[in-house]
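This is what each chain is made of:
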Amino acid sequence: MFHLIKYFVLLVGLVTIAYFALPRFGYEVNMNYFNETKEECQKRLEECGKEYVQQGTKNANCDFNCVDPKLIISKQN
C-alpha cells in the first residue's frame, strides 16, 4: 500500500514539474483538448458501434484511438 501511495505522489510531482518546465523550453499544453474533442470522439464510437452491429465482430474495422498526443503538447508559435 505504501508503494502505491509513493508512486502516486511521484507521478503527481512529475506531471507538475513537466507542466511548469514545458513552457520554458518552448512547448505549450493544450488544457482544453479533451473538452474540444469529446463530441467528435463520442460520434466516432457511436458509428463504430453501429458498424459492429451490422457487420459482426469479424469484419468490423474501428479506430478506437481518440487521443492524439501531438495535439496535447505542441511547440509554441
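Here, the structure is the one placed above.
None of the values given here were measured: they were computed from a predicted structure.

Caption draft 1: View of the overall build of the protein chain. Counting its secondary structure elements, the protein chain contains three helices and two strands. Order of helices (α) and strands (β) in the protein chain, N terminus to C terminus: α-β-α-α-β. Whereas a compact globule of 77 residues would reach a radius of gyration of roughly 11 Å, the protein chain reaches 18 Å, over 25% beyond that. In terms of overall dimensions, the protein chain has C-alpha extents of about 50 × 45 × 20 Å along its principal axes. Relative to its full complement of 77 residues, the protein chain shows a buried share of 10%. Long-range contacts, defined here as pairs at least 24 residues apart, represent 63% of the contacts in the protein chain between residues at least 6 apart. Here the protein chain displays about 7,100 Å² of accessible surface, and carbon together with sulfur accounts for 60% of that area.

Caption draft 2: Structural context of the environment of Ile5. On the secondary structure map, Ile5 appears in helix H1 (residues 2-21). Sequence separation between Ile5 and Val67 is 62 residues, and the spatial gap between their C-alpha atoms is 27 Å.

Caption draft 3: Quick peek at the packing of aromatic side chains. Summed over all chains, the structure comprises two aromatic pairs. Residues Tyr19 and Phe20 carry aromatic rings whose centres are separated by 5.3 Å and whose planes lie at 80° to one another, so their mutual orientation is edge-to-face. Look at Tyr19 and you get partly exposed, because its relative accessible area is 40%. When the ring of Tyr33 is compared with that of Phe34, the centres are 5.4 Å apart and the planes differ by 80°; the resulting orientation is edge-to-face. The exposure class assigned to Tyr33 is buried, which follows from its relative accessible area of 4%. By relative accessible area, Phe34 is classed as partly exposed at 48%. It is Lys6 that lies over the ring of Tyr7; its NZ or CZ is 5.7 Å from the centre. Residue placement shows Lys75 over the ring face of Tyr27; its charged tip is 4.7 Å from the ring centre.

Calculation rules
Residues numbered from 1 in each chain as written. Predicted model: local features only at pLDDT ≥ 70, side-chain atom pairs only at ≥ 80, totals over all residues. Heavy atoms only, no water. Helix = DSSP H or I, 4+ residues; strand = E, 2+ residues; numbered from the N terminus. Rg over C-alpha atoms; globule rule 2.2 N^0.38 Å. Buried < 20%, exposed > 50% of the residue type's maximum accessible area, 1.4 Å probe, protein only. Contact = heavy atoms within 4.5 Å. Areas by Shrake-Rupley, 256 points an atom, 1.4 Å probe, with all protein chains shown as cover. Phe/Tyr/Trp six-rings, centres within 6.5 Å; stacked < 30°, edge-to-face > 60°. Lys NZ or Arg CZ within 6 Å of the ring centre and 35° of its normal.

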